[in-house]
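Below, each chain spelled out in residue letters.
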Amino acid sequence: MINAYHPGYRWSDQLVQGVRDTLMAAAPQTRLYVEHLDSKRLYSPPAFDRLADLIGEKYRHISFNAVIAADNNSIRFLKKHRQSLFAGIPVVICGANDLNPADLDGMAPVTGVNEAADVRATIDLALKLMPAVRRIVVVNDTTPTGRQVHREIQRASEAFSDRIAFVYWDDLRREDLIRRLAGLNHGDMVLYTFLFKDRSGDYFAYDDSAQRICSASPVPVFGLWEFNLGHGIIGGKLVSGVTQGQAAGKMVLRILGGEKTDTIPLLMESPNRFAFDYRVLERFGFRESDLPADSLIINRPTSIYEAYRALIWCGIVAFAGMIILILFLLVNIDKRRKMERDLRESRQSLKSITDNIPGVVYQFHAAADGQYGLNYVNDKASDIFDLQPTPDTFFEAFSARIHEADRERFFTSIADAVAAAGPWHFQGRFVHPSDGVMWFSGSAVPRTVNGQIIFDGVLMDISELKKADAALTDANRMLRLVLDTIPVRVFWKDKACRYLGCNQPFAGDAGRSRPDELIGKDDFSFPWGTDQADLYRRDDLMVMRTGKPKINYEEPQTTLDNRTIWLQTSKVPMRDAQDNVIGVLGTYQDITERKLAGEELRKLRNYLTNIINSMPSVLVGVDTQGRVTQWNRQAEQMTGMTFEKVRSQPVARVFPRLMDEMDRIRTAITDRRVLRDLKIPRTENGETRFEDVTIFPLVANGIEGAVIRVDDVTDRVRMEEMVIQSEKMLSVGGLAAGMAHEINNPLAGILQNTAVLENRLSGDLPANRKAAETAGTTMPAICHYLELRQLPAMLDNIRTSGNRAAAIVKNMLSFARKSDRITSSHELTSLLDQTIELARTDYDMKKRYDFKQIHIVREYDDTVIPVPCEGSKIQQVFLNILKNGAEAMADRKVTQAPPLFVLRVKEEGVWVRVEIEDNGPGMDEKTRRRIFEPFFTTKPVGEGTGLGLSVSYFIITETHGGKMDVLSTDSGGTRFVISLPKAGPS
């Protein structure tokens, strides 16, 4: 703690007191170091620099957790020397006048508490107590702190400027100031801050200035700092060094507790408190009831009890002592009578007790001349040792029968006890006259009577105890053998976590050769390191604190060869006979290999789970009762339920679509054969979809059940139907090609014979003239006849119709010709015109439409280059679009305009764009989005397969790498847009 001022200065001492009391109450182990700058009396920056060097040298071996800067001068000192003295150490400030967060730049991490005089609260209270006041005299000095306080008072005075005049006496000699104060009268009050230095440059102690000023003033003197209280000021809402220090101490405790400094906000509201001097209140006639309820009052007079409390209590104690003494004497007399009676009874009881003790009770004496003898021996001597219970003869007879190997040790032990005047204890063998060798124990306690040592003791038969002890030794040896043999480490500790014992394997893990080498040591003495020792200690303390065991948990351990192994540990509290916890008992075993195997098993399970979840099929595992045991991600997505939710639930309940499969599931499990149910139709969102359900019987480790796989085969079914339809189209194409060839032969005859007729009827040929003459006519006559009968026009119509039929047959042959997927360059305008000609043959009597009646508008770009493509397939696409458009225009309820196709071909970057637009009824958005789906059709049942546009979309996008889209026109019709790459399909 860096204190700006000097020891003995009350403000500084209060700051230190507040910090120390707060730290010691919550963390008594905290060490607080305090340094003083003495800047109030001796302000010298060069001296401060030398002091910084001294502090750096003084504390260079100490690591601090926090630094406290008290008052502004210490903040400036710390800001200048922070990097050299306390770099990176959190800083807490207190006692800083008018704290500005900007003043703390460069000091991070830093927090603290602001010191600000509550001028307004003090003036408010003064005016409440003295409503007649019209002038406030402010007594202050011109030190840096004094000038800062002057500015604070000026700011606060603005709130009272309409009714109070403020006068500042802060640049006067103290003698002049005291003379002026003596002239104050009713309507004045004094607001005193401090006067450490006057105009003459003289320095004063804070208490001397306060007493002189308050004594000279005939009006109440209010203050702003608590260190002036008790020296004449009446009080006010005072800045307290104690509360400032307490606030700083609480922030330090938060930092010591691990809280980041930058999360602790600056306390800008100074922790001031109302405090008053009772004697000054009395002097000016103020009542204590007019003060704030939580005010601190000093110098309040004490009551008679408080003044003479010690004397009053001495009298009470003396009187009570006399009463107790009288009672004690009365009780003592009664006790003495009772004791005499009890003594008689106890003598009788003692004899009864000694006679019932399971041993020989004796009294033995040792005289100063070294002679031994018995004073008393009870009757048990004859029962246990078969010796007469006579004091004069018992010792000699007893000693004579002690086993030869123990006799010398027996006499030596007695001599040692007598010499030391200490207790006697002995165990040895006694040769019984009839029972042979027996074990006995002797014990005695000495006391001195008239210079003679008297031993009171007992001799006991411990033969059975020795047998039990031998059995216990054997049992302990067997227990140690078991502990050292089992493949589990065993250890036990006391309440301080120090080892009381362990088995041999544990000692080996700890790097010791014997278990007793661990006794008295803790975990920090062994090779597993500080972090693991901390972990073990926390577990030990938790088990002992809660009294509850911690069973089968995993923790790491570092071995002697610096490997990390994994242990499965259990710890239980050890208790004494009163059920108090006295330590902890623990066991562990090395599970490293098992853990590694478990990790591999976990990875394998995750791998298998990922495989199962990555499959596009729904996989559901069930037991023999049909309850769910496995549920992959596809099942979750299809049902919206997680495996945790459906586990052990009946599969028919959580997957209703499998309800019809339950009999087949049971059959597959019973017969242990795979069952399949293919192409099961279901309706979803108005669409028919198909599924394959396959049931695999499962037998694994005696657990029976089944795995059900559900595959959505809708696309496959549709593709199969598309293939079938394509085969039909190929068959129809082949049939059309055959028909075209058959039509071509008679058509060729018709055209050829028509040409011959024209040639023979109107041609000016010698053969024609000769034949006419033979028939008795002339060629001009025949031509005139033909003209009259319009036969040349008829022959021309036959020839024109034949040529048109030939062109249709040619287009049909070209369209129906089988393709080997040979791509060549085609002009799309030509393919489109050929398809138009082919479509003109379409006529539907039921729908009453004739393609020839549809008006065709061509908007071709003459610069469009040929495009690599399969011509027949592109014609198939054009024909599907044209036929669908023609049928749609024929279905219009109201004909607003004649049916119309607008055909456009143009270049668009790397594409050639073909547009086929009709003025039919168009389609809504829902239909437009689904128009290319397989089997989607808007036609009545039996009139359409729903494959035409789907196949067309496939030809354009998949076969040719192009794009195909459909749009609604502004006039309500439909526009199909086809874009083919200029470079051909990639």
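These numbers come from a predicted model, not from an experiment. (Residues numbered from 1 in each chain as written. Predicted model: local features only at pLDDT ≥ 70, side-chain atom pairs only at ≥ 80, totals over all residues. Heavy atoms only, no water.)

Peer 1: So what exactly am I meant to see when it comes to the overall build of the protein chain here?
Peer 2: On a plain count of helices and strands, the protein chain comes out with 30 helices and 36 strands. Against the globule reference of 30 Å for 986 residues, the protein chain gives a C-alpha radius of gyration of 60 Å, more extended than a compact globule. If you line up the protein chain on its principal axes, its C-alpha atoms span 200 × 120 × 55 Å. Taking all 986 residues of the protein chain together, the buried fraction comes to 40%. Across the protein chain, contacts joining residues at least 24 apart in sequence account for 57% of those joining residues at least 6 apart. Summing over all exposed atoms, the protein chain offers an accessible surface of approximately 55,400 Å²; the carbon and sulfur share of this is 53%. Side chains of the protein chain give 124 positive and 128 negative charges; the mean places of these two sets differ by 2 Å. (Helix = DSSP H or I, 4+ residues; strand = E, 2+ residues; numbered from the N terminus. Rg over C-alpha atoms; globule rule 2.2 N^0.38 Å. Buried < 20%, exposed > 50% of the residue type's maximum accessible area, 1.4 Å probe, protein only. Contact = heavy atoms within 4.5 Å. Areas by Shrake-Rupley, 256 points an atom, 1.4 Å probe, with all protein chains shown as cover. Lys, Arg positive; Asp, Glu negative; His and termini not counted. Charge placed at Lys NZ, Arg CZ, Asp CG, Glu CD.)

Peer 1: Can you walk me through the pattern of salt bridges in this structure?
Peer 2: A side chain with one charge may pair with a side chain of the opposite charge, provided their charged atoms come close. Applying the stated criterion to the full structure yields 57 salt bridges. Among the salt bridges present, the one from K493 reaches D523, with a minimum N-O distance of 2.6 Å. Linking K493 in strand β18 (residues 489–494) with D523 in the loop between α16 (504–509) and α17 (529–546), this pair joins segments that are 30 residues apart in sequence. Shared partners join several salt bridges into a network, and the residues in it are E859, R904, E908, R913, E915, E917 and R975. (Salt bridge = Lys/Arg side-chain N within 4 Å of Asp/Glu carboxyl O.)

Peer 1: Any chance you could explain a nonpolar patch on the surface here in plain terms?
Peer 2: Where nonpolar side chains cluster on the molecular surface, the patch consists of F319, I323, I326, L327 and L330 and spans about 510 Å² of accessible area. Here I326 shows up in helix α11 (residues 309–356). (Patch = residues over 30% accessible without salt bridge, like charges linked within 9 Å, V, L, I, M, F, W, Y side chains within 5 Å.)

Peer 1: Mind showing me how you'd approach unusual backbone geometry here?
Peer 2: Leaving glycine aside, a negative phi is the common case for residues, and trans is the common case for peptide bonds. Each neighbour pair has its own omega, and for A108 with P109 the value is 0°, a cis peptide bond. Here the phi dihedral of D386 falls at roughly 60°; this positive angle occurs in a residue that is not glycine. Its location among the elements puts D386 in the loop between α12 (380–385) and α13 (391–400). Of the residues examined, D386 reaches a relative accessible area of 44% and is grouped as partly exposed. Phi is positive for C497, close to 65°, though the residue is something other than glycine.

Peer 1: Sorry if this is basic, but what is going on with the UniProt feature "domain: PAC" (unreviewed entry) in the protein chain here?
Peer 2: As annotated by UniProt and renumbered to match this structure, "domain: PAC" (unreviewed entry) occupies residues 551–603. Helix makes up 23% of residues 551–603 and strand 57%, with an end-to-end C-alpha separation of 26 Å. (UniProt positions renumbered as here; feature names shortened; annotations may be inferred.)

Peer 1: Explanation requested: the domain arrangement of the protein chain in the structure shown.
Peer 2: When the parts of a complex come together, some accessible area is lost, and that lost area is often taken as the interface size. Assigned domains of the protein chain: these are domain 1 (2–113), domain 2 (117–238 + 271–298), domain 3 (357–467), domain 4 (474–596), domain 5 (666–817) and domain 6 (821–981). Each of domain 3 and domain 6 has a C-alpha centre, and these two points are 131 Å apart. (Domains from an automatic or database assignment.)

Peer 1: I would appreciate a short explanation of the sheet that holds strand β22 (residues 581–590) in the present structure.
Peer 2: Neighbouring strands of a sheet are bound in pairs by backbone hydrogen bonds; such pairs are parallel or else antiparallel. With antiparallel pairing, five strands are arranged side by side in an open sheet as β19-β18-β22-β21-β20. Of all the strands in the sheet, the pair left with one neighbour each is β19 (499–502) and β20 (550–558). Across the sheet, the mean angle separating the axes of adjacent strands is 30° when strand polarity is ignored. Relative to β22, strand β21 (residues 564–575) is paired through nine bridges, and the arrangement is antiparallel. What sits directly across from L567, in β22, is D590. (Pairing = 2+ DSSP bridges. Axes fitted to C-alpha atoms, helices over the stretch in contact; angles between N-to-C directions.)

Peer 1: So what exactly am I meant to see when it comes to the packing of aromatic side chains here?
Peer 2: Two descriptors summarise a pair of aromatic rings, namely the distance from one centre to the other and the angle between the planes of the rings. Taken as a whole, this structure holds 37 aromatic pairs when the rule is applied. For the ring pair F385 and F440, a centre distance of 6.5 Å and an interplane angle of 85° mean the geometry is edge-to-face. Linking F385 in helix α12 with F440 in strand β16 (residues 436–449), this pair joins segments that are 55 residues apart in sequence. Through a chain of ring-to-ring contacts, the aromatic side chains of F385, F394, F398, F410, F411, W424, F426, F430 and F440 assemble into a single cluster. Lying across the ring of F204, R174 places its NZ or CZ 4.0 Å from the centre. (Phe/Tyr/Trp six-rings, centres within 6.5 Å; stacked < 30°, edge-to-face > 60°. Lys NZ or Arg CZ within 6 Å of the ring centre and 35° of its normal.)

Peer 1: Hey, could you run me through the packing of helix α1 (residues 10–26) against helix α8 (residues 241–256) in this one?
Peer 2: Packed helices, taken two at a time, are described by the angle between their axes plus the distance between the axes. For the pair α1 and α8, interaxial distance at closest approach is 7 Å and the crossing angle is 40°. By the angle class used here, α1 and α8 are oblique. Here the hand of the crossing between α1 and α8 comes out right-handed. Contact residues: α1 offers W11, Q14, L15, Q17, G18, V19, T22, L23 and A26, while α8 offers G241, V242, Q244, G245, Q246, A248, G249, K250, V252 and L253. Here the residues of the contact of α1 with α8 are counted per class, giving nine nonpolar, nine polar and one charged. (Parallel < 35°, antiparallel > 145°, perpendicular 65-115°, else oblique. Left-handed = near helix turned anticlockwise from the far one by under 90°. Nonpolar A, V, L, I, M, F, W, Y, C, P; charged D, E, K, R; others polar.)

Peer 1: How do you make sense of the side chain of R82 when you look at a structure like this?
Peer 2: Note on placement: R82 falls in helix α3 (residues 72–85). For the buried R82, no salt bridge exists, and the shortest N-O distance to an oppositely charged side chain is 11 Å, to D262. Here A108 takes part through its backbone oxygen, which lies 3.2 Å from a polar atom of the side chain of R82. Not counting residues within four places of it along the chain, the set of residues in contact with R82 comprises A87, G88, I89, V91, G106, M107, A108 and P109. (Polar contact = N/O pair within 3.5 Å; in protein donor to acceptor, adjacent residues only side chain to side chain.)

Peer 1: Sorry if this is basic, but what is going on with a positive patch on the surface here?
Peer 2: A cluster of basic residues, K335, K338, R341 and R344, forms a positive patch at the surface. Position of R344 relative to the elements: it lies in helix α11. Note on R344: relative accessible area 57%, which makes it exposed.

Peer 1: What is the right way to read the packing of helix α28 (residues 871–890) against helix α30 (residues 948–959) from this model?
Peer 2: At a minimum axis distance of 9 Å, the contact between α28 and α30 shows a crossing angle of 145°. Between α28 and α30 the crossing geometry is left-handed. Between α28 and α30, the contacting residues are K873, I874, Q876, V877, N880, I881 and N884 on the first element and G948, L949, V951, S952, I955, I956 and T959 on the second.

Peer 1: Before we go on, may I ask you to explain the nonpolar core in this structure?
Peer 2: Most often, soluble globular proteins keep nonpolar side chains buried together rather than apart. Membership of the largest hydrophobic core comes to 78 residues, with the highest contact counts inside it found for I136, L181, Y192 and W225. Element by element, the count of residues in this core is highest for helix α4 (residues 119–129), at seven residues. For this core, the domains that each give at least three residues are domain 1 (2–113) and domain 2 (117–238 + 271–298). Sequence-distant contacts of W225, defined by excluding residues within four places in its chain, comprise W11, N97, E115, A117, V149, T193, F194, I233, L238 and V239. Grouped together as the second largest cluster of nonpolar side chains are 37 residues, L828, V914, L949 and V966 included. (Core = buried A, V, L, I, M, F, W, Y, C linked by side-chain atoms within 4.5 Å.)

Peer 1: I keep staring at the environment of M662 and nothing clicks. Help me out?
Peer 2: By the secondary structure assignment, M662 is in helix α22 (residues 662–671). Judged by its relative accessible area of 12%, M662 is buried. The spacing of M662 and Q625 is 37 residues in sequence and 9.9 Å in space, taken between C-alpha atoms. Apart from the residues within four sequence positions on either side, M662 is in contact with G626, V651 and A652.

Peer 1: What should I look at first to understand helix α14 (residues 404–420) in this one?
Peer 2: Along an α-helix, residues three or four positions apart point the same way, because every turn accommodates 3.6 residues. Look at α14: 26 Å from first C-alpha to last across 17 residues, which is about the 24 Å you get at 1.5 Å a residue. When α14 is considered as a whole, its buried residues turn out to be D406, F410, S413, I414, A417 and V418. Down the axis, α14 shows its buried residues gathered within 125° of arc, on one side only. Turned more than 90 degrees away from the buried face of α14 sit A405, E408, A419 and A420, all of them exposed. Among the structural elements, β13 (360–366), β14 (372–377), α13, β15 (424–432), β16 and β17 (452–461) are those in contact with the buried residues of α14. Note on α14: the residue one or two positions beyond its end, A421, has a positive phi of about 50°. (Expected span 1.5 Å × (residues − 1). Arc of directions from axis to C-beta.)

Peer 1: Honestly, the pairing of strand β33 (residues 900–908) in this entry has me stumped. Any pointers?
Peer 2: A regular strand places its side chains so that they alternate between the two faces of the sheet. Pairing analysis gives six bridges linking strand β31 (residues 855–860) to β33, with the strands arranged parallel. Bridging across to β33, H855 finds its partner in L900. Connecting β33 to the antiparallel partner strand β34 (residues 911–918) that follows it, the hairpin turn spans two residues, and G909 within it adopts a positive phi of roughly 70°.

Peer 1: Looking at this model, I keep getting lost on the environment of V699. Mind explaining?
Peer 2: Summarising the element assignment, V699 is placed in strand β26 (residues 687–700). Owing to a relative accessible area of 48%, V699 belongs among the partly exposed residues under this scheme. For the pair formed by V699 and I669, sequence separation is 30 residues and the distance between their alpha carbons is 8.7 Å.

Peer 1: Can you walk me through the pairing of β16 in this structure?
Peer 2: Pairing between β15 and β16: nine bridges, direction antiparallel. For V431, the partnering residue across the bridge sits in β16 and is V437. Across ten bridges, the pairing between β16 and β17 is antiparallel. If you follow T448 over to β17, its bridge partner there is I453.

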